[in-house]
Every structure is written in structure tokens, then in C-alpha cells.
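Residues per chain are reported as follows:
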Amino acid sequence: MSAIEIGTASVPAAVPAKRAGNARLRLAGLVLPVAIAVIWELLVRAGIANGRLMPPPSVVGATLWQLAVSGELATHAAATLWRVLAGFGLGAAAGTVLGALTGALPVARGLLDPTLQALRAIPSIAWVPLFILWFGIFEASKVALIAVGVFFPIYLGVAAAILSIDRKIVEVGRVFRLGRLAMVRRVLLPAILPDWFTALRGGLGLGFMFVVAAEIMGASEGLGYLLVDGQQLGRPATIIAAIISFAVLGKLADGLLVALARPFLRWQDTARDKL
């Protein structure tokens, strides 16, 4: 058997081993939170720590179970998820389009970027009174606030990705006499895709942060409402249950985005598995 045949035969055997290693790494990520939960439970049960303001995992788990059985958890989680997805869609679309314009066109960059950079410096909470005045206290104002939070990291990521494209890559495309559309599709788009997906992940994370402010400013359902309800009624277990629900929802949404991005980034030859 030749060296080429040996190398080819070893590839299928290496794939399951790599997948098994990745699965073990994902499971290893559970070690720290599980260890912290077990230690806190033991400290409370031993009387060393006070579990009144920071309930042990057993109490939080029982609260989560009650909320799940009653259907409240699904209702609140669905309301929060819808708001995040709606705001994320609007903010991501606007951020991508304007980022592409300011990154690719010097005229658009000169006209738009100074104003957008000034708006980016405004604290998110400062938009709340204005959005309530414009859109009322219902869903539109909440979605608008989330969209603002999502917009800026995606706008900056797309614009910076386009501006940082290696000039030599563009010159290679011109050597092969690629047209404008072919240059965008075969050269520019692959060059910015990794940074764009990274910007989308950052925007999605900020979307979950902004939805808390949106739901705290006035909502009858949602995980943010559950936080306020737990605070007003003096139920710390409910507050922690809502925080855990936010963490789980955010992690699942981020994992879904990473899974959607993976087929588009298969061409990358990186050293991420070795670093």
C-alpha cells in the first residue's frame, strides 16, 4: 500500500476520534457550574452559608420545575425569545447593510459613520423614554430597543471586516479578470464571512442583554418580567430561576447560530484545534 493510500485510509478513522474528543470537551464545560452548584448546596445544608438570599440549587430547581409544570416558564421564555429574535433580525439587517455601505464606499463612510459613532456612545437606557413616547409601552418599543443594541456591534464588525480585506486578495481577483459581482461573491464575501458571523454572535448576546431592560421597563410576560416579579415578591429563587433560563436560552441561541455558520466556514484552514 502506498503512502497516499495509507494517508487516505487514516482520514475516516480520525474523524470519529475527533468528534469524540469534541464531545468530551463539551461535557467538560459542565464541570465548573456543576461543581459550584454542589459546593453551594453542601455549604447551605451544613449551615455554613445562608440560603435565604441565595437559595441552594435544590430550591432553585424546585422553583424551575414548578414554573415548567404550570406552563409559566414556557410562556415567559417564548415571549422573551420572540422579542430577541425580532429585534435581532431588524438590528442585524440594518447593521449589515449600513456596515457594508460604510466599509465599501468612502462617500458613505464620510456621511454616515460619524453620526453612527456618536449614536453608539449613547447609553442604551437613554433610549427607553423616547421609544415609549414614540411606540408606547407595548411590543414595538421593546423590539426597537433590542434592535438598537444589536445594530452597533454588527455594523462595526461588518465595516471593519470590509476595511481590513487584504489588498493582495483583491489584486488576485483582478488578475483573473473577475467582474464586480464575481469579485464580491468569490473574494470579498468569503473574506468577511468569519468576522460577520462573529459580529452576529456579539449582537445576539447583546440582544439578550437588552431584552432584560426592555421587559423591566414594562411587560406582563417574559423572563425579565419574571425577574421583576421575583424581586417585588421577595422570591430570590424565582430571580435565580429566571437568570438560569436566560443563560440556557442564550446558550442555545448562540449554539444554533454557530451551527448555521459552520457549513459556510468549512473552507477555513485554521489552527483552532491545536492552539
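What you see is a predicted model; the values in this text were computed from it and never measured. (Residues numbered from 1 in each chain as written. Predicted model: local features only at pLDDT ≥ 70, side-chain atom pairs only at ≥ 80, totals over all residues. Heavy atoms only, no water.)

**Points about the side chain of Lys142**
Rules: The helix count covers DSSP runs of H or I at least four residues long, the strand count covers runs of E at least two residues long, and both are numbered beginning at the N terminus. Exposed residues in this analysis have more than 50% of their type's maximum accessible area, buried residues have under 20%, and partly exposed residues fall in between, with area computed by a 1.4 Å probe over protein chains only. When charges are tallied, Lys and Arg are placed among the positive residues and Asp and Glu among the negative ones, while His and the ends of the chain are skipped. Here a salt bridge means any side-chain nitrogen of Lys or Arg lying within 4 Å of a carboxyl oxygen belonging to Asp or Glu. Between N or O atoms, a polar contact is any pair within 3.5 Å; within protein, one atom must be a potential hydrogen donor and the other a potential acceptor, and residues adjacent in sequence are included only when both atoms are from side chains. Whether two residues touch is decided by their heavy atoms; if any such pair falls within 4.5 Å, the residues are in contact.
Tracing the backbone through its elements, the reader meets Lys142 in helix α7 (residues 139–163). Although Lys142 is buried, it makes no salt bridge; Glu139 carries the closest opposite charge, 4.9 Å away. At a separation of 3.5 Å, a polar atom in the side chain of Lys142 contacts the main-chain carbonyl oxygen of Phe138. Not counting residues up to four positions away in its chain, the partners in contact with Lys142 are Arg83, Ile137, Ala214, Met217, Gly218 and Ala219.

**Section: the pattern of salt bridges**
The full count for this structure, using the stated rule, is four salt bridges. Of the charged contacts, one joins Arg45 and Glu41 as a salt bridge, the two residues approaching to 2.7 Å between their closest N and O atoms. With Arg45 and Glu41 both in helix α2 (residues 31–45) and four residues apart, the pair spans about one turn of that helix. Taking the shortest distance from any N to any O, the salt bridge between Arg83 and Glu215 comes out at 2.7 Å. You can see Arg83 sitting in helix α4 (residues 72–104) and its partner Glu215 sitting in helix α9 (residues 180–216), a full 132 residues away along the chain.

**Quick word on a nonpolar patch on the surface**
Applicable threshold: Any residue with relative accessible area above 30% and no salt bridge may belong to a patch, with like charges joined within 9 Å and the nonpolar Val, Leu, Ile, Met, Phe, Trp and Tyr side chains within 5 Å. In this description, accessible areas are obtained by the Shrake-Rupley approach with a 1.4 Å probe, and a residue is regarded as covered only by the protein chains that are shown.
A contiguous nonpolar patch, built from Val97, Leu101, Leu105, Val107, Leu111 and Leu112 and spanning about 540 Å² of accessible area, is present on the exposed surface. When residues of the nonpolar patch are traced back to their parent elements, those giving at least two are α4 and α5 (106–120). Of the residues forming the nonpolar patch, the biggest block, three residues, is contributed by α5. Residue class for Leu111 comes out exposed when judged on its relative accessible area of 62%.

**Digging into the packing of aromatic side chains**
Let me state the cut-off plainly: Ring pairs are drawn from Phe, Tyr and Trp, using the six-membered ring of Trp, whenever the two centres fall within 6.5 Å, and their geometry is named by plane angle: stacked under 30 degrees, edge-to-face over 60, tilted for the rest.
Inspection of every chain in the model, using the stated rule, returns seven aromatic pairs. Judged by centre distance (5.6 Å) and plane angle (20°), the ring pair of Trp127 and Phe131 falls under stacked. Of the two residues, Trp127 and Phe131 both sit in helix α6 (residues 127–135), four residues apart, roughly one turn of that helix. Judged by relative accessible area, Trp127 falls into the buried class, the value being 16%. On the numbers, 4.9 Å between centres and 80° between planes, the contact of Phe151 with Phe152 is edge-to-face.

**Quick notes on the environment of Gly87**
Structurally, Gly87 is set in helix α4. Spatially, the C-alpha atoms of Gly87 and Leu145 are 7.6 Å apart, while their sequence positions differ by 58 residues. Apart from residues no more than four positions distant in its own chain, Gly87 is found in contact with Val143, Ile146, Ala147 and Val150.

**Structural notes on the nonpolar core**
Put simply, the rule reads: As used in this record, nonpolar core signifies buried Ala, Val, Leu, Ile, Met, Phe, Trp, Tyr and Cys residues forming a set joined through side-chain atoms within 4.5 Å.
Phe88, Leu145, Ile154, Leu200, Leu204 and Phe208 are the most contacted members of the largest nonpolar core, which has 50 residues in total. Elements with a minimum of two residues in this core: α3 (57–70), α4, α6, α7, α9, α10 (223–232) and α11 (236–261). Setting aside anything within four residues of it in sequence, one finds Leu200 in contact with Phe88, Ala92, Ile154 and Leu257.

**A word on the packing of helix α8 (residues 167–175) against α9**
What counts, and what does not: Lines are fitted to the C-alpha atoms to define the axes, a helix being fitted only along its stretch in contact, and any angle between axes, read from their N-to-C directions, falls within 0 to 180 degrees. When the near helix sits turned anticlockwise from the far one by under a right angle, the crossing is termed left-handed; a clockwise turn instead gives a right-handed crossing. Under the scheme applied here, ten amino acids are nonpolar (Ala, Val, Leu, Ile, Met, Phe, Trp, Tyr, Cys and Pro), four are charged (Asp, Glu, Lys and Arg), and all others, including Gly, are polar.
Where α8 meets α9, the closest approach of the two axes is 10 Å, and the angle between their N-to-C directions is 145°. The crossing of α8 and α9 is right-handed. Taking contact as the criterion, the partners of Ile169, Val170, Gly173 and Arg174 in α8 are, on α9, Met183, Val187 and Leu188. A breakdown of the residues in the contact of α8 with α9 according to their chemical character gives five nonpolar, one polar and one charged.

**Focus on the layout of surface pockets**
The following threshold applies: Site definitions follow a grid-based scheme: protein atoms alone, a 1 Å grid, a 1.4 Å probe that fits but cannot get out for cavities, and for pockets an open set with protein on both sides within 12 Å along at least five of seven lines, plus lining residues having an atom within 4 Å of a point. Grid points are joined across faces, edges and corners, and a volume is the space filled by probe spheres set on the points.
If you add up the space inside the second largest pocket, you get close to 390 Å³. Along the wall of the second largest pocket there are 14 residues; nearest its centre are Ala104, Ile162, Ile165, Val184 and Leu188. Going through the elements one at a time, α4, α7 and α9 are the ones with two or more residues in the lining of the second largest pocket. Per element, the largest residue contribution to the lining of the second largest pocket is six residues, and it comes from α9. Taken together, the residues of the lining of the second largest pocket break down into 12 nonpolar, one polar and one charged.

These results come straight from atomic positions and should not be treated as a statement about function.
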